[in-house]
There are 2 protein chains.
Amino acid sequence: MIEVFYAGDAAPDSERVAFGGAEARHICRVLRHRSGDRVRATDGRGTEFELELDLVTARRVEGRVLGRSRLSREPRKRLALAQALLKGDRLAAVVEAATEIGVSEVVPLLTERVVARPGPGRLERLRQVAVSGLKTSARTVLPRIAPVTDVAGLAGRIAEFGQTLVAYELESGHGLDDVLDRSADSFLLVVGPEGGLTGQEVLTLTRAGASCFSLGPRRLRAETAAAVGAALCLQALGEMG
Amino acid sequence: MIEVFYAGDAAPDSERVAFGGAEARHICRVLRHRSGDRVRATDGRGTEFELELDLVTARRVEGRVLGRSRLSREPRKRLALAQALLKGDRLAAVVEAATEIGVSEVVPLLTERVVARPGPGRLERLRQVAVSGLKTSARTVLPRIAPVTDVAGLAGRIAEFGQTLVAYELESGHGLDDVLDRSADSFLLVVGPEGGLTGQEVLTLTRAGASCFSLGPRRLRAETAAAVGAALCLQALGEMG
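These notes cover the structure that comes with them. These figures come from a predicted structure and were not determined experimentally.

Before going further, it helps to examine the interface of chain A and chain B. Across the contact, 27 residues belong to chain A and 27 residues belong to chain B. Put simply, the parts of the chain that give the side of chain A that touches chain B at least two residues each are α2 (90–101), α3 (122–137) and α7 (222–236) of chain A. Of the residues forming the side of chain A that touches chain B, the biggest block, 6 residues, is contributed by α7(A). In terms of residue class, the side of chain A that touches chain B is made up of 11 nonpolar, 9 polar and 7 charged.

Rendered as structure tokens:
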């Protein structure tokens, strides 16, 4: 079992890496590491460090860098997920699963049929969940949590990506394999809220260049659709093992 | 939005379908259906009924069958999921997602590194979650919830399936596409607990005929692995749209 700790402040060429706050407490108190232990850490921007710990307290943990590597467990192609806001902690569940699966960014999306409203501190909570997913999955790139965006704003970002794919339950007959452009290097996957995207919203996205596809005849809850859609994209691109 | 109610007692050739208990209350009190409304129902064994309601009370709802169809949204190939027991309500989350995705059966699996223990009423709770997932996803086949089985017992069931696939994190280099036998008609997917299957358990399964595959270099929590594994299998078999 690889443990990978998160040290967002570390520079790629650091000779030493330090942890404070919850991460130091976790390393010291929960996992009971000691000076001399070898552990791994990542800066969340693609570098993984091998460390030998030489200071372990509940407030601060430090280690000497023995080696560094880049990106070995990361997808070569970039997949962002725009997920309509969901009630309760369900968007957090989507961020966690999407981080493990390998997305590069999550865009919380405000659509007409969204019932939830983004409260204060919501984005910071999602960012913490992404850090947790990064550590669970031993990734070395922390997915970005974008500001909440509406459909018009998302349409304005479509040009940033090689292909934008909208999971749309009324799009029967076209599965992912029928529409995926394997030659593209970056993808944006759009998943609607429980009540679905409206026809007008889908039109706004397709006019800006997005393609619609179906996740099949069985209706998926939004959080299942997000995880399944992201995994099927990365699998089709050869990124799931 | 298709509503599909669950009437597990209905016979495929019934002229009338009746609902009691929570389903009747839900139809009458929550959704406020009335006599004359047309709704859909399924027996959970592959038949979907179109009904015209002619009795609607909170205790009992009845309708006349206007039409029936079979299996239109169901996978043609059968995929069972053996999932190691998980703590809290996480096995229920797996059952819900797996039901939406399209599995035919969930086998709760007791392995060496399982921490959770199946309490009384646990299987009945999982069965209720499967009914809920059936209705959410508008499926017409209710996945079976098998009794809790150990690894030796599961190995004894491998001959029932065309292929058994074990998601194994130490199996790097062989993705699903490398091992999947697309000519088989039925599959058993095995997903371990948080700590993973032991080498001995994997050996027991492979000696009985199972194949191991990797879900990629990023480590997935068990519930993510179950949903992703099931979706990738059904996608590779052409069952995800």
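So much for the structure itself; the text now carries on.
Let us look at helix α7 (residues 222–236) of chain B. Residue and element names in this part refer to chain B. Between its terminal C-alpha atoms α7 stretches 21 Å, which fits the 21 Å expected from 15 residues at 1.5 Å a residue. The buried fraction of α7 amounts to 14 of the 15 residues, a majority that puts the element mostly inside the structure. Glycine 238 occupies a position one or two residues after α7 and carries a positive phi of about 80°.

Attention shifts here to the sheet that holds strand β3 (residues 38–42) of chain B. All names here are of chain B. Pairing is mixed in the open sheet, where 5 strands are placed in the order β1-β3-β4-β5-β2. With partners counted over all chains shown, the strands left at the sheet margins are β1 (4–6) and β2 (16–19), one partner each. On average, adjacent strands in this sheet sit at an angle of 45° to one another, irrespective of strand direction.

As a further point, take the relation of the copies chain A and chain B. By a simple turn and slide, chain A fits onto chain B: the slide is 0.0 Å along the axis, the RMSD is 0.1 Å, and the turn is 180°. Both chain copies can therefore be described as sitting about a two-fold axis. Taken together, the interface assignments show that 100% of the residues at the interface of chain A recur at the interface of chain B, consistent with an identical surface on both copies.

For the rest of this paragraph, the subject is unusual backbone geometry. Leave glycine aside and you will find that most residues have negative phi; peptide bonds, for their part, are mostly trans. All names here are of chain A. Phi is positive for arginine 32, which is not a glycine, with a value near 55°. Here arginine 32 shows up in the loop between α1 (21–30) and β3 (38–42). Looking at arginine 32, the number of C-beta atoms within 10 Å reads 9, which means it is exposed. Of note in the backbone geometry, alanine 138 takes a positive phi value of approximately 60° without being a glycine. With respect to the helices and strands, the residue alanine 138 is situated in the loop between α3 and β8 (144–145).

Residue and element names in this part refer to chain B. For the pair helix α2 (residues 90–101) and α7, interaxial distance at closest approach is 9 Å and the crossing angle is 15°. The orientation of α2 relative to α7 falls into the category roughly parallel. Our pair here, α2 against α7, has a crossing hand that is right-handed. Contacts between α2 and α7 involve Arg90, Ala93, Val94, Ala97, Ala98 and Ile101 from the first element and Glu223, Ala226, Ala227, Ala230, Ala231 and Leu234 from the second. When its residues are assigned to classes, the contact of α2 with α7 shows 10 nonpolar, no polar and 2 charged.

Our next topic: the nonpolar core. Counting residues in each nonpolar core, the largest one holds 143 residues, and the members touching the most others are A:Ala230 and B:Ala230. Apart from residues no more than four positions distant in its own chain, B:Ala230 is found in contact with B:Leu79, B:Leu81, B:Ala98, B:Ile101, B:Val103 and B:Leu189.

Residues and elements named next belong to chain A. Here tyrosine 6 shows up in strand β1 (residues 4–6). Using a count of 22 C-beta atoms within 10 Å as the deciding quantity, one classes tyrosine 6 as buried. Separated by 28 residues in sequence, tyrosine 6 and arginine 34 have C-alpha atoms that sit 18 Å apart. In this structure, tyrosine 6 is in contact with Glu23, Thr42, Gly44, Val131, Leu134 and Lys135, ignoring residues within four places of it in sequence.

The next subject is the sheet that holds strand β4 (residues 47–56) of chain A. All names here are of chain A. Read across the open sheet, the 5 strands follow the order β1-β3-β4-β5-β2; overall the sheet is mixed. Since the sheet does not close on itself, it has two edges, and those belong to β1 and β2 (16–19), each with one partner. Direction aside, the axes of adjacent strands within the sheet are offset by 45° on average.

All right, on to the pairing of strand β6 (residues 78–84) of chain B then. All names here are of chain B. Across the 7 residues that make up β6, a large majority, 6, are buried. Where β6 lies against strand β11 (residues 186–191), 6 bridges are found, and the strand directions are parallel. When the bridges of β11 are listed, alanine 80 appears paired with leucine 188. Here β6 pairs with strand β7 (residues 105–110) via 5 bridges, running parallel. Residue pairing for β7: alanine 80 is matched across the bridge by glutamate 105. Following the backbone out of β6, through α2 and into the adjacent parallel β7, one traces a crossover that is right-handed.

Quick notes on the rules
- Residues numbered from 1 in each chain as written.
- Chains lettered and ligands numbered in written order.
- Predicted model: local features only at pLDDT ≥ 70, side-chain atom pairs only at ≥ 80, totals over all residues.
- Contact = placed C-beta atoms within 7 Å.
- Helix = DSSP H or I, 4+ residues; strand = E, 2+ residues; numbered from the N terminus.
- Nonpolar A, V, L, I, M, F, W, Y, C, P; charged D, E, K, R; others polar.
- Expected span 1.5 Å × (residues − 1).
- Buried ≥ 20, exposed ≤ 12 C-beta atoms within 10 Å, placed from the backbone.
- Pairing = 2+ DSSP bridges.
- Axes fitted to C-alpha atoms, helices over the stretch in contact; angles between N-to-C directions.
- Least-squares fit on C-alpha atoms with pLDDT ≥ 70 in both.
- Parallel < 35°, antiparallel > 145°, perpendicular 65-115°, else oblique.
- Left-handed = near helix turned anticlockwise from the far one by under 90°.
- Core = buried A, V, L, I, M, F, W, Y, C linked by C-beta atoms within 7 Å.
- Right-handed = clockwise from strand over helix to strand, strands pointing away.

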